[in-house]
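Here's the letter readout for the chains.
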Amino acid sequence: MTETTNPNKQQNGDAVMPETSTRDDVFDDSYRAKEGPKPPMRLVWRNIILMFLLHIGALYGLMLVPSASALTLAWTALCFLLSALGITAGAHRLWSHKSYKASTPLRVFLALANSMAFQNDIYEWARDHRVHHKYSETDADPHNAVRGFFFAHIGWLLVRKHPDVIEKGKKLELTDLKADKVVMFQKKYYKLSVVLLCFLVPTWVPWFLWDESLWVGYFIPCLMRYALVLNATWLVNSAAHMWGNRPYDRNINPSENRFVAFSAIGEGFHNYHHTFPFDYATSEFGVKLNITTAFIDLMCFLGLAKDCKRVSRDLISTRAQRTGDGSHKTG
Ligand code: ST9
Ligand code: ZN
Ligand code: ZN
């Protein structure tokens, strides 16, 4: 594990960045919103209709739960976990923040799991996420939480992006993503991989292996699970940018939200994460409420991951004393 204490490296407040981290996930306070009226909101009706239908299908899936077999429900939970890890351990901690290194087999596994989550390909996800960190809560943030809960949660996927998101995003380097063959392969075959892994496999396995009806397979492990993972992810952008303590930096909106940490398998410690974006655990407290950190630790134990970046205890407490809201605890 790499602890970051070297004061000669680039600083984000007190957060000393390891040299191997990307610098494009560090908040840039030089951004200024353009003067004059805001560009009009342009609705994307295709997305509005599809998201509406998905959520109706997911609610119907919820009603079908009592009629599903125990195996189908266990399969649904497994599909939830796999697709969630494709986002948390994959698109987020590995590819957006480079907070640890993963071997090729692990990257292939995470890319497949990522396609199961169907949240845009890894390249697009990581690019948008870096702009989110760099220009957080401004017009250049894709899901700017200043525009309200609904916009940060789902609304941003139902309208055209603010031009500043695209303008600033095009200035990011992203060479690490372009150089990763697994990322580029997933990008190239993204649609096919989503059809197979997000829709066909979750529906087909319960029917083929234990005679569940295709109907139940489609509405529970496929649609309901997909909608649940989406909403758990979106809660990080909405709820965890609004509600909770700010022990590390009281001057930013991202907050420590235990409900979100639980539902997003460890990604709700968002005040910590925006303060120290390169920490592989996205939390001061390691595996506590944090299945993703436990998964990465297991991968390290198996020799499939290495170089996990951590922030030292001293640095955390110095930062908490200087900029925190006073709620910092050490246990
Ligand atoms: C989804 C994503 O749900 C969720 C991400 C959440 C992130 C959460 C982060 C929180 C932390 C991590 C926690 C994880 C917790 C996980 C828990 C799990 C249990 N820079 O996009 P277009 C270019 S997706 C540079 O069409 P519009 C673009 O390349 C759900 N360039 O923009 C293109 O260029 P060119 C499924 C950029 O027209 C051009 O601009 N998907 C950037 O404004 C136009 O791009 C969906 O629902 C950038 N940042 O449309 C919809 N952005 O022309 C998917 C864009 O040269 N998206 N460009 O090719 C869309 O339909 C559209 O993007 C849109 C905007 C309608 C939203
Ligand atoms: Zn992040
Ligand atoms: Zn955030």
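Just so it is clear, the structure is predicted and the values come from calculations on it, not from any experiment. Every chain begins its residue count from 1, and numbering advances along the sequence as written. Here every chain gets a letter starting at A, and every ligand a number starting at 1, in the order they are written. Two thresholds apply to this predicted model, a pLDDT of at least 70 for residue-level local features and 80 or more for giving and counting side-chain atom pairs, whereas whole-chain, interface and lining totals are computed over all residues. Only hydrogens and water are set aside; all other atoms, that is, all heavy atoms of the structure, feed into the side-chain values.

Visitor: Even after reading the chapter, I still don't get the site of ligand 1, so can you show me in this structure?
Guide: In the vicinity of ligand 1 there are 37 residues, among which Asn 47, Asp 128, Arg 160, Lys 161 and Trp 234 approach most closely. Between N or O atoms, a polar contact is any pair within 3.5 Å; within protein, one atom must be a potential hydrogen donor and the other a potential acceptor, and residues adjacent in sequence are included only when both atoms are from side chains. Take Asp 128: an N or O atom from its side chain is 2.7 Å from a nitrogen atom of ligand 1. A distance of 2.6 Å is found between an oxygen atom of ligand 1 and a backbone nitrogen or oxygen belonging to Lys 161. Reported accessibility uses the Shrake-Rupley method at a 1.4 Å probe radius. Residues are deemed covered only where the shown protein chains occlude them. Here ligand 1 has 1,400 Å² of accessible area as a free molecule, and 80% of this is covered by the chains. Neighbouring residues are identified by heavy atoms, a residue being near a molecule or strand if any of them is within 4 Å of it.

Visitor: What am I meant to see in the side chain of Ser 99 here?
Guide: Note on conventions: DSSP H or I runs of at least 4 residues are helices, E runs of at least 2 residues are strands, and numbering of each starts at the N terminus. Looking at the element boundaries, Ser 99 is found in the loop between helix H2 (70-96) and strand E4 (101-102). For each residue, the accessible area found with a 1.4 Å probe, counting protein chains only, is set against the maximum for its type, and the residue is called buried under 20%, exposed over 50%, and partly exposed in between. Among the residues examined, Ser 99 registers a relative accessible area of 0% and is labelled buried. One polar contact links the side chain of Ser 99 to the main-chain carbonyl oxygen of Arg 93, over a distance of 2.8 Å. Residues contacting Ser 99, with those up to four places away along its chain left out, are Arg 93, Leu 94, Phe 278, Asp 279, Tyr 280, Asp 307, Cys 308 and Lys 309. Only heavy atoms matter for contacts: two residues are in contact if any of them lie within 4.5 Å across the pair.

Visitor: Looking at this structure, I do not really get a nonpolar patch on the surface. What am I missing?
Guide: Taken together, the side chains of Met 41, Leu 43, Trp 45, Ile 49, Leu 50, Phe 52, Leu 53 and Ile 56 make up a nonpolar region of the molecular surface, amounting to roughly 890 Å² of accessible area. Checked against the element boundaries, Phe 52 lands in helix H1 (residues 45-64). Taking the relative accessible area as the measure of exposure, Phe 52 reaches 55% and is therefore exposed. Residues enter a patch when their relative accessible area is above 30% and they make no salt bridge; the linking distance is 9 Å between like charges and 5 Å between nonpolar side chains (Val, Leu, Ile, Met, Phe, Trp, Tyr). Between Lys or Arg on one side and Asp or Glu on the other, a salt bridge is scored when a side-chain nitrogen of the former is within 4 Å of a carboxyl oxygen of the latter.

Visitor: Where do I start with the packing of H2 against helix H10 (residues 214-237) in this structure?
Guide: The relative placement of two packed helices is expressed as an angle between their axes plus a distance between the axes. Axis geometry follows a simple rule: fit a line to the C-alpha atoms, using only the stretch in contact for helices, then measure angles between N-to-C directions, giving values from 0 to 180 degrees. Between H2 and H10, the shortest axis-to-axis distance is 9 Å and the interhelical angle comes to 35 degrees. The two elements H2 and H10 meet at a crossing, and its hand is right-handed. Between H2, through Thr 72, Leu 73, Trp 75, Thr 76, Cys 79, Phe 80, Ser 83, Ala 84 and Ile 87, and H10, the contact on the second element is made entirely by Val 216, Ile 220, Pro 221, Met 224, Arg 225, Leu 228, Val 229 and Thr 233. Residue composition of the contact of H2 with H10, by class: 12 nonpolar, four polar and one charged. Left-handed is the label given to a crossing in which the near helix is rotated counterclockwise from the far helix by less than a right angle, and right-handed is the label when the rotation is clockwise. Three classes are used: nonpolar for Ala, Val, Leu, Ile, Met, Phe, Trp, Tyr, Cys and Pro, charged for Asp, Glu, Lys and Arg, and polar for all others, with Gly counted as polar.

Visitor: Explanation requested: the coordination of the zinc ion (ligand 3) in the structure shown.
Guide: Ideal values for angles at a metal depend on the geometry: 109.5 degrees with four tetrahedral donors, 90 or 180 degrees with six octahedral donors. The donor definition counts N, O and S atoms within 2.8 Å of each metal and applies 3.2 Å to Na, K and Ca; water is not among these atoms, so some sites may look incomplete. Those protein atoms acting as donors to the zinc ion (ligand 3) are His 132 (NE2), His 241 (NE2), His 270 (NE2) and His 274 (NE2), and they sit at 2.1 to 2.2 Å. Note on geometry labels: four donors, all angles 85 to 135 degrees, give tetrahedral; four donors become square planar and six octahedral when opposite donors are over 155 degrees apart and every other angle is between 65 and 115; remaining cases are irregular. Each of the four donor atoms around the zinc ion (ligand 3) contributes to a set of angles spanning 92 to 158 degrees, which defines the coordination as irregular. Read N to C, the donor residues that coordinate the zinc ion (ligand 3) are spaced as H-x108-H-x28-H-x3-H. On the criterion of helical spacing, the pair formed by His 270 and His 274 is a turn pair, its members being four residues apart in helix H12 (residues 270-275). Accessibility classification places His 270 together with His 274 in one group, the buried group.

Visitor: How do you make sense of the UniProt feature "transmembrane region" (unreviewed entry) in the protein chain when you look at a structure like this?
Guide: UniProt positions are given in the numbering used here, feature names are shortened, and annotations may be inferred rather than shown by experiment. The feature "transmembrane region" (unreviewed entry), as annotated in UniProt, sits at residues 43-63, 69-91, 189-209 and 215-236 in this numbering. Here residues 43-63 is 90% helix and 0% strand, with 31 Å between the C-alpha atoms at its ends. Across residues 69-91 one finds 96% helix and 0% strand; the C-alpha atoms that close the span lie 32 Å apart.

Visitor: Just checking my understanding: could you explain H2 for this structure?
Guide: Counted at 1.5 Å a residue, the expected span for H2 with its 27 residues is 39 Å, and the 36 Å between its end C-alpha atoms agrees. Along H2, the sharpest kink reaches roughly 25 degrees, centred on Leu 85. Of the residues one or two after H2, Lys 98 is the one with positive phi, at around 50 degrees. Residue count minus one, scaled by 1.5 Å, sets the expected span of a helix. The angle between axes fitted to the seven-residue stretch ending at a residue and the seven-residue stretch beginning at it gives the bend at that residue.

Visitor: Even after reading the chapter, I still don't get the packing of aromatic side chains, so can you show me in this structure?
Guide: The aromatic pairing rule takes the rings of Phe, Tyr and Trp, using the six-membered ring of Trp, and pairs them if the centres are within 6.5 Å, calling planes under 30 degrees apart stacked, those over 60 edge-to-face and the rest tilted. Considering all chains together, one arrives at 15 aromatic pairs under this definition. Here Phe 118 and Tyr 226 contribute two aromatic rings whose centre-to-centre distance is 5.4 Å and whose plane-to-plane angle is 10 degrees, an arrangement assigned as stacked. Taken together, the residues Phe 118 in the loop between helix H3 (104-117) and helix H4 (122-134) and Tyr 226 in helix H10 connect sequence positions 108 residues apart. With a relative accessible area of 30%, Phe 118 lands in the partly exposed category. Judged by its relative accessible area of 6%, Tyr 226 is buried. Chaining the aromatic ring pairs together yields one cluster made of Tyr 60, Trp 215, Tyr 218 and Phe 219. Either the NZ atom of lysine or the CZ atom of arginine qualifies as a charge over a ring when it sits within 6 Å of the ring centre and within 35 degrees of the ring normal. Stacked on the ring of Phe 151, the Lys or Arg Arg 147 has its end atom at 3.9 Å from the ring centre. Its end group placed over the ring of Tyr 123, Lys 187 keeps NZ or CZ at 5.2 Å from the ring centre.

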